[in-house]
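# Structural overview
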Amino acid sequence: MINRSQSYIRSFTSDFPAAVVVYLVALPLCLGIALGSETPLFSGIIAGIVGGVVIGALSGSQLSVSGPAAGLTAIVAGAMALLPSFEAFLVSVVLCGAFQIILGFCKAGVIGDYIPKSVIKGMLAAIGLILIMKQLPYLLGYDAALVGGETASAIGAFLRAFTPVAVVIGVVCIAFQFYWEGLATKRGGWLKLVPAPLLVVLLGVGINQLMVAQFPAYALSQAHMVTIPVATSASEFFGFFTFPDWSVFTNKQVWMTAVTLALVASIETLLGIEAVDNLDPQKRISPTNRELKAQGVGNLLSGLIGGLPLTSVIVRSSANVHAGAKTKMSAIYHGLFLLLSVAFFPQLLAYIPFSALAAILIYTGYKLAKPSLFKEYYKKGWDQFIPLVATVVIILLTDLLVGVLAGLAIGLFFSARSNYQTAVFIVNDNRNFLIRLRKDVSILNKRGIKAKLDSIPEGSNVLIDSTRADFIDRDIVEMIEEFARNAAKNNIRVEIKKNHTKDAGFGTLNGNAANGTIAKEYVAQAARSTANDEQSSAKN
């Protein structure tokens, strides 16, 4: 413990400046995500504080930074439309935290390894599209977000009520982000350390203040600006916190929201932790089960005091790494900076236009769902492309949990189909047959093998090669052994080739042929045919 404290002290000169950078990234994102989630803006700040201070202290990751995530905005906004109040939603956040703590104790930190990457990418792409649709009204200066079921009428309404200055700010801020990304990538160096969201906020504030000075009639009103409650005392400040409404504890939708939040937040966290570990110059490995527990405590506390749900966020974390952070203290410092800013300088936040925050989220949505993603997965093949697209479409048509589960089912279908097609390889030359069993031969392959064995004509030579199989279902073993025992009745010679270093399931039976007596010339021909067919199969 003493050595660890000394390490934190020695790293202060690296962690403190990194925390300033992360704070400048996190502040506009906390506000923007609260805006996109259709919750009080103060809830985003609370979540940022808890994510930095509480999860930062409990996490085993030295460089990960937690906070409200863009990936959860669709779930939160959907829940806000279905639940009776924000206080009711906070119950879901508390339950989400409890579920994550349970997952941590159940050692579910490996859960992310079992979800196909195509489904995860599809989930993020759908979230990106939802972000874009939800933020369009704010970009146009219309102060009501699109809500499912009211989209058509809402579009007409905000097209009639858009504010020109808001549009200018939004479009300029989006264009600036594309420009800045290209510039930072090309030039590198210190430019990569400058947080783009901060520059976007300053740009939006600057444009509106210019309008206030030169053309006040066209400047944005306070209705289109961030509004954070201002406290005159400590007791009044703590009065801004919101608490859960436990009267909705038995509401089915509250529990459904909690389960959805727990699953998605846990997956995002595990993926984020893995990504940050890859960026860590010291290549430290974060304990995933401990991370789930830390996230659970953070979400439980955030829900109890009026904050949004939390995950490990790759945007903040990567900024932390690139800014030179060494330990988890940088995450804790950034949380304290958020607390100080909202406690002592909330008036400054009132200069930020909603359209600037909307530009940040729309750009984030584009990064999650950019066309190159779909092109990349199309090139990978239908088994990757279809689960991706299906996940996106089903999420947009239903909700996030249904879409992810459907995408997972489709992904598993393609995985099983691939294994079914490649587990058994059959080639024949005249009356010489080679049946090669590979990888895991499950009960799903039984019908295909039986049909092929039943079609083998009299007077044939059959070589059954199980040397490449890791597992063969017992029903298939018994079926092959029965075929070998009865083969002599049809004048069929059978040889079973086994790998004696593996226990594939076959007993002492070796067919009714002497060891290795099936035509040597056939084996050579079959081997050549197998190689050619396997190459063709791999290409397809």
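Throughout this document, residue positions are counted from 1 along each chain, in the order its sequence is written. It should be noted that, the model being predicted, local features are given only for residues of pLDDT at least 70 and side-chain atom pairs only at 80 or more, the latter also being counted only at that level, while totals for whole chains, interfaces and linings use all residues. Neither water nor hydrogens contribute to the side-chain values; these are computed over all heavy atoms in the structure.

## Some words on the overall build of the chain
We apply this condition: In this text, helices come from DSSP runs of H or I with a minimum length of four residues, and strands from runs of E with a minimum of two, each type numbered from the N-terminal end. To sort residues, take the accessible area from a 1.4 Å probe on protein chains only and compare it with the maximum for the residue type: under 20% means buried, over 50% means exposed, and anything in between is partly exposed. Should any heavy atoms of two residues lie within 4.5 Å, those residues are considered in contact. Here, Shrake-Rupley sampling with a 1.4 Å probe gives the accessible areas, and only protein chains in the shown set may cover a residue.
The helix and strand inventory of the chain stands at 22 helices and 6 strands. When burial is assessed residue by residue, the chain has 50% of its 540 residues classed as buried. A fraction of 80% describes how many contacts in the chain between residues 6 or more apart in sequence connect residues 24 or more apart. For the chain, the accessible surface area stands at approximately 25,000 Å², while carbon and sulfur atoms represent 62% of it.

## Comments concerning the pairing of strand S5 (residues 461-472)
Cut-off, in case you're wondering: Strands qualify as paired when DSSP identifies two bridges or more between them. Handedness of a crossover is defined as follows: orient the strands so they point away from the viewer, and if the path from the first strand over the helix to the second runs clockwise, the crossover is right-handed.
Counting buried positions over the 12 residues of S5 gives 9, a clear majority of the element. Bridging between S5 and strand S6 (residues 493-497) involves 5 bridges; their strand directions are parallel. Bridging from a neighbouring strand, Asp465 pairs with Lys497 of S6. Crossover handedness for the path S5 to helix H21 (residues 474-486) to S6: right-handed.

## With respect to the packing of aromatic side chains
As a reminder of what qualifies: Each Phe, Tyr or Trp ring, with Trp reduced to its six-membered ring, pairs with another whose centre is within 6.5 Å; inter-plane angles below 30 degrees give stacked pairs, above 60 give edge-to-face pairs, and intermediate values give tilted ones. Definition used: whenever NZ (Lys) or CZ (Arg) falls within 6 Å of the ring centre and also within 35 degrees of the ring normal, the charge is taken to sit over that ring.
Evaluated as defined, the whole model comprises 23 aromatic pairs. Relative to Phe240, the ring of Phe42 lies with its centre 6.1 Å away and its plane at 80°, an arrangement referred to as edge-to-face. With a gap of 198 residues between them, Phe42 in helix H3 (residues 41-58) and Phe240 in the loop between helix H10 (234-238) and helix H11 (252-279) connect regions that are remote in the sequence. The structure contains a cluster of three or more aromatic residues connected by ring pairs, namely Phe12, Phe16, Tyr23, Tyr333 and Phe337. One Lys or Arg, Lys293, reaches over the ring of Phe105 and ends 4.2 Å from the middle of that ring.

## Regarding the packing of H3 against helix H12 (residues 288-305)
Put simply, the rule reads: Helix axes are fitted only over the stretch in contact, all axes being lines through C-alpha atoms; the angle between N-to-C directions runs from 0 to 180 degrees. In this scheme, a crossing is called left-handed if the near helix is turned counterclockwise away from the far one by less than a right angle; it is called right-handed if the turn is clockwise. Three classes are used, and their members are as follows: Ala, Val, Leu, Ile, Met, Phe, Trp, Tyr, Cys and Pro are nonpolar, Asp, Glu, Lys and Arg are charged, and the others, Gly among them, are polar.
Packing of H3 against H12 brings their axes to within 9 Å, and their N-to-C directions diverge by 145°. As for how H3 packs across H12, the hand of that crossing is right-handed. Contacts between H3 and H12 involve Ile46, Ala47, Val50, Val54, Ile55 and Leu58 on the former and, on the latter, Arg290, Glu291, Ala294, Gln295, Val297, Gly298, Leu301, Ser302 and Ile305. Looking at the contact of H3 with H12 residue by residue, the class counts come to 10 nonpolar, 3 polar and 2 charged.

## Brief notes about the confidence of the model for the chain
Worth spelling out the cut-off: The predictor reports its confidence for every residue as pLDDT, a score running from 0 up to 100.
Overall, the prediction assigns the chain a mean pLDDT of 81, with 84% of residues at 70 or greater. Across the chain, the element-wise mean pLDDT spans from 49 in helix H22 (residues 520-539) up to 96 in helix H5 (residues 86-105). Across residues 144-151, confidence stays below pLDDT 50; counting only partners more than four residues off in sequence or on other chains, it has 17 contacts.

## Observations concerning the pattern of salt bridges
For clarity, the cut-off: For salt bridges, the criterion is a side-chain nitrogen of Lys or Arg within 4 Å of an Asp or Glu carboxyl oxygen.
Evaluation of the coordinates by the stated rule reveals 6 salt bridges. Its salt-bridge partner being Asp465, residue Arg436 comes within 3.1 Å of it at the nearest N-O pair. In this pair, Arg436 sits in strand S4 (residues 432-441) while Asp465 sits in strand S5, placing the two residues 29 residues apart along the sequence. Taken individually, Arg436 and Asp465 each receive the classification buried, so the pair is uniform in this respect. One salt bridge in this structure joins Arg474 and Glu478, with 3.6 Å as the shortest N-O distance. Separated by 4 residues within a single helix, Arg474 and Glu478 lie in helix H21, roughly one turn from each other.

## As for the packing of H5 against H12
The relative placement of two packed helices is expressed as an angle between their axes plus a distance between the axes. As a reminder of what qualifies: In what follows, roughly perpendicular refers to angles from 65 to 115 degrees, roughly parallel to angles under 35, roughly antiparallel to angles over 145, and oblique to any angle outside these ranges.
Where H5 meets H12, the axes come as close as 7 Å, and the angle between the chain directions of the two elements is 160°. Here H5 is positioned roughly antiparallel relative to H12, judged by the angle of their axes. The two elements H5 and H12 cross, and the hand of that crossing is left-handed. Listed contacts from H12 to Leu90, Val93, Val94, Cys96, Gly97, Ala98, Gln100, Ile101, Leu103, Gly104 and Phe105 of H5 are Asn289, Leu292, Lys293, Gln295, Gly296, Val297, Asn299, Leu300, Gly303 and Leu304. Split into classes, the residues belonging to the contact of H5 with H12 amount to 12 nonpolar, 8 polar and 1 charged.

## Thoughts on the nonpolar core
Side chains of nonpolar character tend, in soluble globular proteins, to be buried together. Using the following cut-off: Only buried Ala, Val, Leu, Ile, Met, Phe, Trp, Tyr and Cys residues count toward a nonpolar core, and they belong to the same one when joined by side-chain atoms within 4.5 Å.
Formed by 106 residues in total, the largest nonpolar core has its most connected members in Leu31, Phe89, Val226 and Leu357. Among residues more than four places away in sequence, those in contact with Phe89 are Val76, Ala79, Met80, Leu83, Thr257, Leu261 and Pro309. Counting 22 residues, the second largest nonpolar core, distinct from the first, contains Ile449, Val462, Ala487 and Val494.

## Observations concerning the side chain of Asp15
Stated precisely, the cut-off is as follows: Neither His nor the chain termini are counted; the positive set is Lys and Arg, and the negative set is Asp and Glu.
Tracing the backbone shows Asp15 in helix H2 (residues 12-36). Salt bridges are absent for the buried Asp15, whose nearest opposite-charge side chain, Lys326, sits at 6.9 Å. Leave out the neighbours within four places in its chain, and Asp15 touches Tyr8, Ala325, Lys326, Thr327, Met329, Ser330 and Tyr333.

## Thoughts on unusual backbone geometry
Of note in this structure, Lys107 is not a glycine but carries a positive phi near 60°. Among the secondary structure elements, Lys107 is positioned in the loop between H5 and helix H6 (117-139). Here Lys283, not a glycine, exhibits a phi torsion of approximately 55°, which is positive. Position of Lys283 among the secondary structure elements: in the loop between H11 and H12. With relative accessibility at 53%, the residue Lys283 sits in the exposed group.

## A word on helix H18 (residues 382-397)
Put simply, the rule reads: What a helix should span is 1.5 Å times the count of its residues minus one.
Taking 1.5 Å per residue, 16 residues should reach 22 Å; H18 reaches 22 Å between its end C-alpha atoms and fits that length. Taken together, the buried positions of H18 are Phe385, Pro387, Leu388, Ala390, Thr391, Val392 and Ile395.

## As for the environment of Asn461
Counting through the fold element by element, Asn461 comes out in strand S5. Residues Asn461 and Leu434, spaced 27 residues apart in sequence, show a C-alpha to C-alpha distance of 8.6 Å.

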